[in-house]
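Here's the letter readout for the chains.
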Amino acid sequence: MKLFAAIDIGSYEVEMKIFQITSGKGIKEIDCVCHRMELGKDVYRDGRIGVEMTDELCRVLNDFVRIMKGYRVDDWRVCATSAVREAGNQLVFLDRVKRHTGLEVEVLSNASQRFMDYKSIASRENEFNRIIQKGTAIVDVGGGSIQISLFDKDRLVASQNMKIGNLRLRERMMNEGVSLKHYETLLTEVVKNEFLSYKKLYLKDRVISNLIVVGDHIGDAVHKNVMTRADFLNFYDDMIYRSDEDAAGRCEVPEDVISVLRPSLVVYRCFLEAADVENIWMPGLHLTDGMAYEYAQQNQLLKLVHDFDEDILAAARNAAKRYQCSKSHIKVCEDLAVGIFDKIKKSQGFDDRDRLLLRIAVILHGCGKFISLSNAGESAYHIIMAMDIIGLSEEEKEIVANVVKYNTVPLEGYDKIGSSRMTRENYLTIAKLTAILGVVNSLDRSHKQKSKEAKQILHENELVIQLYSDEDLSLEKKEFAKKAEFFEEVFSIRPVLRQKKMM
Amino acid sequence: MGEMDLKKAEYYTNRELSWLGFNNRILGEARDASLPLFERLKFLSITASNLDEFFMIRVASLKDMVHAGYTKKDISGMTASEQLKKILKETHELVDLQYSTYNRSLIPALKKRGLKIISEHESLSEEQKKFVDAYFEENVYPVLTPMAMDSSRPFPLIRNKTLNIGALICRKDGKEKHKTLDFATVQVPSVLPRIVELPEGKDGEKRVILLEEIIERNIGQLFLSYDVVCAHPYRVMRNADLSIDEDEAEDLLKEIQKQLKKRQWGEVIRLEIEGKIDKRLLDILKEEFAVKDSDVFEIGGPLDLTFLMKLYGMEGFEDCKVKKYIPQPVPALMNDDSIFANIRKGDILLHHPYMTFDPVVDFVKQAAKDPNVLAIKQTLYRVSGNSPIIAALAQAAENGKQVSVLVELKARFDEENNIIWAKKLEKAGCHVIYGLVGLKTHSKITLVVRREEDGIRRYVHLGTGNYNDSTAKLYTDCGLLTCAEPIGEDATAVFNMLSGYSEPKHWNDLIVAPIWLRKRFLRLIEREKNWALAGKEAHIIAKMNSLCDREIIEALYAASAAGVKIELIIRGICCLKVGIPHISENISVRSIVGNFLEHARIFYFYNDGAEELYMGSADWMPRNLDKRVEIVFPLKDEKIKQQAKHILDIQLADNLKAHILQPDGSYEKIDKRGKKMLICAQDYFCEEAVKNAKQPTDPVLDHVFIPAEAGIFSDRD
């Protein structure tokens, strides 16, 4: 048995959960300590976290440490989300927290945060797997933004972030000083407008019959975890014009919960109108649940059924489709890339994560052309960096974007490339993955899938790639020669192309 | 049924008058000649201390309302000044009855038993006079602080509840024709025993005199250059209601300490004086204390009858007292296993004081030592003087357990005590929480978190009474020891909430005031009503200390009107009226006043056969439902449910100590004539606990409420 403490420093509450993880009973919540404080209020208004808030937070975190120690937990993790992420004084703030509480706070990127939320849902395997058999959307509401993720069959295919988090909306409306009736109208207008473009991009050929809501307190307010569309609309009509006090009394929740629930309700309603949702599932999960799940996963404390890598790949493929990348070209390249990767994996010290990044880079390598044929590399970089690939950290996303970029232009030196996040190690990963991508891309230069089959043989310092094809491969060969040089430079392995005729 | 207006004032009894009725019932015990004599003294003493508290709190707040010009009416349609008028009238009658009981009944009876109370120093014999004068010289004189008032010295501050002797004095050397009378006063020192034993008579008769008589006799010694014209005891009661502005109070602890000092000097709301007091002296007192005639109580006997409790403690006279009952061991714990192992075998119901309070103390003690225990959390409301629980908690903290203690500083009249404990615990390393601003934490709950092989397991004790090992010998209370997971989770959430963190997303089993409890009770009552309307059997039994919440009473009226049978066992205040045609004809109310103070709260709902039983810390009073953190818990275990139902059944069968509420608002005892079996519930439970402890078996299987051995059920005479 392991005891794990997960602390989430969110936009409007700070929460610690203590989990007990056993192979038999799985993950069990033992304690949940939650303190409402609106860090986001400072940040979304002033762009920084004030001294008072920081002091209050330190006091609460110190108390959390005390509780955590009381349980003698085996491990803990402290994550912060959008409020801290967007705070201009993030570093100073983190330093202060560290000095006053001894806690190292990890600031999650939006994508990692959402992925963790998603994991928390997926951890409810039975219910989750049943629900996602039908078209499903997850709306993950945060203080700063919401994340909408779509499922096709049982794969997560698209995920989009929108800056209409409940606290942000509430703060925006607060300044208007309007009546409840007018409040709803204004809010609806704001949210509807956001959804208009979303619908065009994502919903036009999809049927979304289930909506999963995580991250806010609607489940606590309706006191159940499943609602039909009609249930929701009744609840909405009943609540929306009530004062906070009145609504809080009715739902038996504190008033501050209502004040952030109100904007969420409008968001849900607008989503309901944009999609044909029949049922709403509110598992009442929070980031901390996902943190526990990830901890269990990383420490192999549980057997997991759902393959999250497949979700990331599915989402990447879906994005590729949007940017009109050639599906068959990707298929050939992906097979080749994985083939080469697996051959040299051991000698190069690659791990499974590198393999995943390579596959994503292959899938997305053509997306830049959607913007500019002449400057495809640079465009691809920007597209990928702006994309929500949930499950990838910012760091990983940057690796993928660079790999794709330097597939078309020569790799620049370490000092020229990327952001402050870029470590030497990551730079090397970029170089290595770029080398592989370059080679495999050259093998289908014509995008005609001339080869029906390929085989890789690693022999000392030589990697022989046999392509089974009856067609003329001279274009490929020429391109290959160019890319092979870089490959050899990076891996000290010389790739050799051999054509085998089928007939 | 058509729409009825159940809110009509005439359907409700004023709570203060109902309380006075309760004090009258206790006085009834003091007047009951069938009871052992010394028990009667005790009851009389209780009526006196009750009345003091009633004035300091209730009357004081009514006076505040009058001063503030507050004219809103209570549920019975009375304004504050109307209530005060009525209360004062009834209190005067009550006090008259107290003293006629004392003078006409108890004093002669005591004399018959060989204890003579000499009520006036004038009637001392010469020998006795010598004795008391010597006693005065040696013991009393050194601690007296006489104070005189004249043009240069203002009227001194007279402390709340203290007994004083007021005197009129006059200078001896004054030659002028117009001799002036000065006022002087001296406090009867509370550090000395109020009862002074005199040498025994020849026949072995014990004789006692009260301290104030000795002082009165020697008062001349205090004002040597004066003539004492007259001297009489008096006593004042001040407004003592602590109202703390918590928004302003940065540090609750400091604020309460400050208020405690202030309590001495609140407005005077009652002046008690000796009946034969000198008119001139009285006028001075009335003027200086600014009291009206109706606030002056002329007493026909010694002031402050609480000294009778001390008399009760006097050695000897054991045949005039009820034999002290020794709380019995709990059958489920009569083995060598640890308390945790025993709880794992199944829930355990405790019924104090019939069963000993030790398991509750042991629960904390064992947890303090158990290496697998991670944390102990407990709410403390009123703690006893040398509490073993406090010691165990401190020990646990020293052993490295995480100990969180909620100390409710606002427990009335115990604040001073609580502050001392809070500091002691903090010193030992406990995490001490002082409760939520604006809410008094009245719930009684202890949580022990233990790390066991298969994971974390939580053990919980929930009670209806305070964690006070002394009162646990006098109050009847229930407690539940359990390690049921849903309750454990809820208990964790309760403590997080009390520490100021957010309420949990949902509760499994516990029902917590102020947010959820009222609604739940209303729903439970309404559900019973609906069963009745559907033509099903419907039945509510509720036992508590007080019922005065309008909304609940209204719901009970509606349920009764729908045909629900409602049996209430309410010790104290009851604002509900029985026998209102078509409204409360199905409701019966009984009040049990006995040797132990009835204190448990148990609620039973028939629920069409799927019976539900709850226990908890809350009465059906607005303050319990809206202004306090209270916990009511369901009894889930079938065996425990039967045990709890059994408690209710026996109390409903009581025909010795039960007083039945009449439609006119009075209470009457049950006519014993023709009753085959006389049952006193408290005695029954005593007997039963003794029997069960001899052969630990299932208490429920043993008896289906047929009191087999009838010995103790017969009338005491």
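Every value quoted in this text rests on a predicted model; they were computed, and no experiment measured them. (Residues numbered from 1 in each chain as written. Chains lettered and ligands numbered in written order. Predicted model: local features only at pLDDT ≥ 70, side-chain atom pairs only at ≥ 80, totals over all residues.)

Peer 1: Account for the overall build of chain A, naming residues and giving values.
Peer 2: Scanning chain A from N- to C-terminus turns up 20 helices and 14 strands. Relative to its length of 503 residues, chain A is compact, with a C-alpha radius of gyration of 25 Å against a globular reference of 23 Å. Seen through its principal axes, chain A has C-alpha atoms that stretch 80 × 50 × 45 Å. Counting only residues that meet the buried cut, chain A has 49% of its 503 residues in that class. (Helix = DSSP H or I, 4+ residues; strand = E, 2+ residues; numbered from the N terminus. Rg over C-alpha atoms; globule rule 2.2 N^0.38 Å. Buried ≥ 20, exposed ≤ 12 C-beta atoms within 10 Å, placed from the backbone.)

Peer 1: Describe in detail the nonpolar core, supporting the description with residues and values.
Peer 2: Of all hydrophobic cores here, the largest spans 358 residues; its most connected members are A361 and L364 of chain A together with L393 and L547 of chain B. If you tally residues by element for this core, the top one is helix α2 (residues 37-67) of chain B, at twelve residues. Beyond its immediate chain neighbours, meaning those up to four positions away, L393 of chain B contacts V364, I376, Q378, V403, V405, L425 and C430 of chain B. (Core = buried A, V, L, I, M, F, W, Y, C linked by C-beta atoms within 7 Å. Contact = placed C-beta atoms within 7 Å.)

Peer 1: Tell me about the domain arrangement of chain B, and name the residues and values.
Peer 2: As assigned here, chain B comprises domain 1 (12-119 + 301-324), domain 2 (144-300), domain 3 (331-507) and domain 4 (513-713). Of note, the centres of domain 1 of chain B and domain 3 of chain B, computed from C-alpha atoms alone, are 35 Å apart. (Domains from an automatic or database assignment.)

Peer 1: Before we move on, can you summarise helix α15 (residues 327-348) of chain A with the specific residues and values?
Peer 2: Residue and element names in this part refer to chain A. Given a rise of 1.5 Å per residue, 22 residues ought to cover 32 Å, and the 29 Å separating the end C-alpha atoms of α15 matches this to within 8%. Along α15, the sharpest change in direction is near 35° and occurs at D342. Those residues of α15 that fall on the buried side of the exposure criterion are I330, V332, C333, L336, A337, I340 and F341. Next to the buried residues of α15 lie α14 (308-322), α16 (352-364), α19 (424-443), β12 (453-459) and β13 (462-468). The positive-phi residue at the C-terminal boundary of α15 is G349, with phi of around 70°. (Expected span 1.5 Å × (residues − 1). Bend = angle between axes of the 7 residues up to and from the residue.)

Peer 1: Let's hear about the environment of P663 of chain B: which residues, and what values?
Peer 2: Residue placement: P663 of chain B occurs in the loop between β26 (658-661) and β27 (667-669). Leave out the neighbours within four places in its chain, and P663 of chain B touches K577, V578 and G579 of chain B.

Peer 1: Explain the environment of D683 of chain B residue by residue, including any values.
Peer 2: When you line up the elements, D683 of chain B lands in helix α18 (residues 681-694). With 87 residues separating them along the chain, D683 of chain B and F596 of chain B place their C-alpha atoms 9.9 Å apart.

Peer 1: Tell me what's going on with helix α2 (residues 51-71) of chain A, and back it up with residues and numbers.
Peer 2: Residue and element names in this part refer to chain A. Counted at 1.5 Å a residue, the expected span for α2 with its 21 residues is 30 Å, and the 30 Å between its end C-alpha atoms agrees. Buried within α2 are the following residues: M53, T54, L57, V60, L61, F64, I67, M68, G70 and Y71. Downstream of α2 by a residue or two, R72 has a phi angle that is positive, lying close to 50°.

Peer 1: Now, about the sheet that holds strand β7 (residues 146-152) of chain A: what can you tell me, with residues and values included?
Peer 2: Adjacent strands of a sheet form backbone hydrogen bonds with each other and so pair up, either parallel or antiparallel. Residues and elements named next belong to chain A. In spatial order, the strands read β8-β7-β6-β9-β11-β10; together these six strands make up an open sheet with mixed pairing. Of all the strands in the sheet, the pair left with one neighbour each is β8 (155-162) and β10 (226-228). Across the sheet, the mean angle separating the axes of adjacent strands is 20° when strand polarity is ignored. Bridge count between strand β6 (residues 136-141) and strand β9 (residues 210-214): five bridges; the pairing is parallel. Looking at β9, one finds that V139 is bridged to V213. (Pairing = 2+ DSSP bridges. Axes fitted to C-alpha atoms, helices over the stretch in contact; angles between N-to-C directions.)

Peer 1: Report on the packing of α2 of chain B against helix α3 (residues 80-112) of chain B, specifying residues and quantitative values.
Peer 2: All names here are of chain B. Between α2 and α3, whose axes approach to 11 Å, the crossing angle comes to 165°. One element, α2, and the other, α3, form an angle in the roughly antiparallel class. Relative to α3, the crossing made by α2 is left-handed. On α3, the residues touching L37, R40, L41, L44, T47, A48, V59, L62, K63, M65 and V66 of α2 are A80, S81, Q83, L84, I87, Q98, T101, Y102, L106, A109 and L110. Its residues assigned to classes, the contact of α2 with α3 shows 15 nonpolar, five polar and two charged. (Parallel < 35°, antiparallel > 145°, perpendicular 65-115°, else oblique. Left-handed = near helix turned anticlockwise from the far one by under 90°. Nonpolar A, V, L, I, M, F, W, Y, C, P; charged D, E, K, R; others polar.)

Peer 1: Describe in detail the pairing of strand β15 (residues 444-452) of chain B, supporting the description with residues and values.
Peer 2: Residue and element names in this part refer to chain B. Pairing geometry for strand β11 (residues 373-380) and β15, over five bridges, is antiparallel. Its bridge partner lying in β15, V373 is registered against R450. Linkage of β15 to strand β16 (residues 455-463), two consecutive antiparallel strands, is achieved through a turn of two residues.

Peer 1: Describe in detail the sheet that holds strand β14 (residues 494-500) of chain A, supporting the description with residues and values.
Peer 2: Residue and element names in this part refer to chain A. Strands sit in the order β12-β13-β14 across an open sheet of three strands; the sheet is mixed. At either margin of the open sheet sits one strand with a lone partner, and together these are β12 and β14. Between one strand axis and the next, the sheet turns by 20° as a mean value, whatever way the strands run. By the bridge criterion, seven bridges tie β13 to β14 in an arrangement that is parallel. Residue pairing in the sheet places Y468 in a bridge with K500 of β14. Contacts from α15 reach β12 and β13, with the element oriented near 15° to β12.

Peer 1: Tell me about the interface of chain A and chain B, and name the residues and values.
Peer 2: One widely used convention gives an interface's size as the accessible area the parts lose upon coming together. Each partner contributes residues to the interface: chain A has 18 residues there, and chain B has 15 residues. Of all the elements, strand β3 (residues 26-36) of chain A adds the most residues to the side of chain A that touches chain B, at seven residues. The residue makeup of the side of chain A that touches chain B, split by class, is seven nonpolar, five polar and six charged.

Peer 1: Could you give an account of the domain arrangement of chain A, with specific residues and numbers?
Peer 2: All names here are of chain A. Domain boundaries in chain A define domain 1 (2-110), domain 2 (125-284) and domain 3 (308-500). Taking only C-alpha atoms, the centre of domain 2 and the centre of domain 3 are 39 Å apart. With eight residues of domain 2 at the contact, the number on the domain 3 side is seven residues. The biggest single contributor to the side of domain 2 that touches domain 3 is β8, with seven residues. Residue composition of the side of domain 2 that touches domain 3, grouped by class: three nonpolar, four polar and one charged.

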